[in-house]
Amino acid sequence: MPDSSPGVVLVSGGSRGIGRATVLRFARQGAQVAFCYRSNKTAAADLEKEAAELGGRAVATEVDVTDADAVRGWVAETEARVGPLGTVVTSAGIVRDGPLLRMPDEDWHQVVDVNLSGMYNVCRSVIFPMMKRKSGSLVNISSVSGVFGNPTQCNYSAAKSGIIGFTRALAKEVGKYGIRANVVAPGLIETDMTADLSGKRRQEALSAIPLGRFGSSEEVADAVVYLAGASYITGSVLQVDGGIVI
Ligand code: NDP
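Predicted model, so just to flag it, every value in this text is computed and none were measured.

1. Focus on the overall build of the chain
Summing up its helical and strand segments, the chain has eight helices and seven strands in all. For 246 residues, the compact-globule estimate of 2.2 N^0.38 gives 18 Å, and the C-alpha radius of gyration of the chain, at 17 Å, lies within 12% of that figure. For the chain, the spread of C-alpha atoms along the principal axes amounts to about 50 × 40 × 35 Å. Per-residue burial over the chain gives 47% buried out of 246 residues. Taking the contacts inside the chain whose residues are at least 6 apart along the sequence as the reference set, 73% of them involve residues at least 24 apart. As displayed, the chain has an accessible area near 11,600 Å², and 54% of this comes from carbon and sulfur atoms. Here the chain contributes 25 positive and 25 negative side-chain charges, whose respective centroids are spaced 5 Å apart.

2. What to know about unusual backbone geometry
Even without being glycine, K134 reaches a positive phi, approximately 55°. One can find K134 in the loop between helix 4 (105-133) and strand 5 (136-141). Judged by its relative accessible area of 52%, K134 is exposed. Unusually for a residue other than glycine, T152 sits at a positive phi of about 70°. Mapped onto the fold, T152 is located in the loop between helix 5 (144-148) and helix 6 (154-174).

3. Here we look at the site of the ligand
As a matter of local geometry, the ligand sits amid 31 residues, with S15, R16, S39, Y156 and T191 nearest to it. In this structure, an oxygen atom belonging to the ligand sits 3.4 Å away from a main-chain N or O atom of G13. In this structure, an oxygen atom belonging to the ligand sits 2.7 Å away from a side-chain N or O atom of R16. Surface burial for the ligand is 97%, taken as the share of its 900 Å² of free accessible area covered by protein chains. Listing elements by their share of the shell around the ligand, those giving two or more residues are helix 1 (17-28), helix 4 and helix 6. Looking at side-chain class alone, the shell around the ligand contains 13 nonpolar, 13 polar and five charged residues.

4. What to know about the nonpolar core
Grouped burial of nonpolar side chains is what soluble globular proteins tend to show. Ranked by internal contacts, the top residues of the largest apolar core, which has 33 residues, are L10, V65, L85, V88, V126 and L138. Broken down by secondary-structure element, the contributors of at least two residues to this core are strand 1 (8-12), strand 2 (32-37), helix 3 (68-82), strand 4 (85-90), helix 4, helix 6 and strand 6 (179-186). Ranked by residue count, the leading element in this core is helix 4, at nine residues. The contact partners of V65, leaving out residues within four places of it in the chain, are S12, C36, V71, A92, V114, S117, G118, N121 and V122. Core analysis: the second largest hydrophobic core is formed by 27 residues, F26, L47, A58 and V184 among them.

5. Some details on helix 1
The end-to-end C-alpha distance of helix 1, which contains twelve residues, comes to 17 Å, matching closely the 16 Å that a straight helix rising 1.5 Å per residue would cover. Three or more residues of helix 1 are buried, namely I18, G19, A21, T22, V23, L24, F26 and A27. Looking one or two residues beyond helix 1, the residue adopting positive phi is G30, at roughly 85°.

6. What about helix 6?
When the terminal C-alpha atoms of helix 6 are compared, their 30 Å separation across 21 residues agrees well with the 30 Å that a helix rising 1.5 Å per residue should span. Looking only at helix 6, the buried set comprises N155, Y156, S157, A159, K160, I163, I164, T167, L170, A171 and V174. Buried residues along helix 6 sit in contact with helix 4, strand 5, helix 5, strand 6 and strand 7 (237-240).

How each quantity is defined
- Residues numbered from 1 in each chain as written.
- Predicted model: local features only at pLDDT ≥ 70, side-chain atom pairs only at ≥ 80, totals over all residues.
- Heavy atoms only, no water.
- Helix = DSSP H or I, 4+ residues; strand = E, 2+ residues; numbered from the N terminus.
- Rg over C-alpha atoms; globule rule 2.2 N^0.38 Å.
- Buried < 20%, exposed > 50% of the residue type's maximum accessible area, 1.4 Å probe, protein only.
- Contact = heavy atoms within 4.5 Å.
- Areas by Shrake-Rupley, 256 points an atom, 1.4 Å probe, with all protein chains shown as cover.
- Lys, Arg positive; Asp, Glu negative; His and termini not counted.
- Charge placed at Lys NZ, Arg CZ, Asp CG, Glu CD.
- Near = heavy atom within 4 Å.
- Polar contact = N/O pair within 3.5 Å; in protein donor to acceptor, adjacent residues only side chain to side chain.
- Nonpolar A, V, L, I, M, F, W, Y, C, P; charged D, E, K, R; others polar.
- Core = buried A, V, L, I, M, F, W, Y, C linked by side-chain atoms within 4.5 Å.
- Expected span 1.5 Å × (residues − 1).

Keep in mind these values describe shape, not function.
Okay, here's the thing in structure tokens:
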């Protein structure tokens, strides 16, 4: 049986929301965690403190995942400082919703750059060292929007579908090196990303969720940690969505 302990954990977009809950779950297991964020220094520093209080170690670095050189530098520096990466989670993401008819080109490019190319930059940077070591586990965060498509989210649905295709292809490429790659596809989760969904729009969203509520970041993090350690699962897409019908 392959070792299913997480080893050193790297989380992109770890300072808030789902990434943050994931960092804390791994920190609670005593793992060494490195996470990146784009700009919110306060949230990142608070998380470092909280992880330490749980007995773990989480180190924050300001890295924009769209900057391939910065991502490569972050990965190399983390491996030099704490050792080889065992688990990598890509959670950095943004939305810029609107109907395609009125979508500014910039909103298309930003959403694809952060969600899809950002995930690519991280996976591309970690894959060769993992292949050399013949072990590693990747968990990429997609969305039910990438599974089913969601109106006003052509940019986001395309990027999140891309993550699924990428991960399945990669799982087939690197399985022979003992590396697994999986996807978690959350539904509507209570984070800053969904905080402005209020009134009628929130009620409509709730009515599409059989479990009748939004999920928590912790519930998604549980799925991430599970897949990260699931030694015979690769290329899978695990929906954490309360049964949402969209
Ligand atoms: P949040 O908005 O709560 O947090 C986003 C995190 O990503 C922050 O840590 C942020 O850093 C970081 N980030 C954003 N852009 C970049 C960038 N360019 N480079 C590095 N870090 C970046 O989002 P959620 O936790 O809600 O979402 C996490 C993931 O889950 C995303 O991929 C999202 O698409 C996906 N998802 C979320 C759902 C939801 O309902 N919330 C549903 C389905 C999928 P900083 O703090 O510095 O801004």
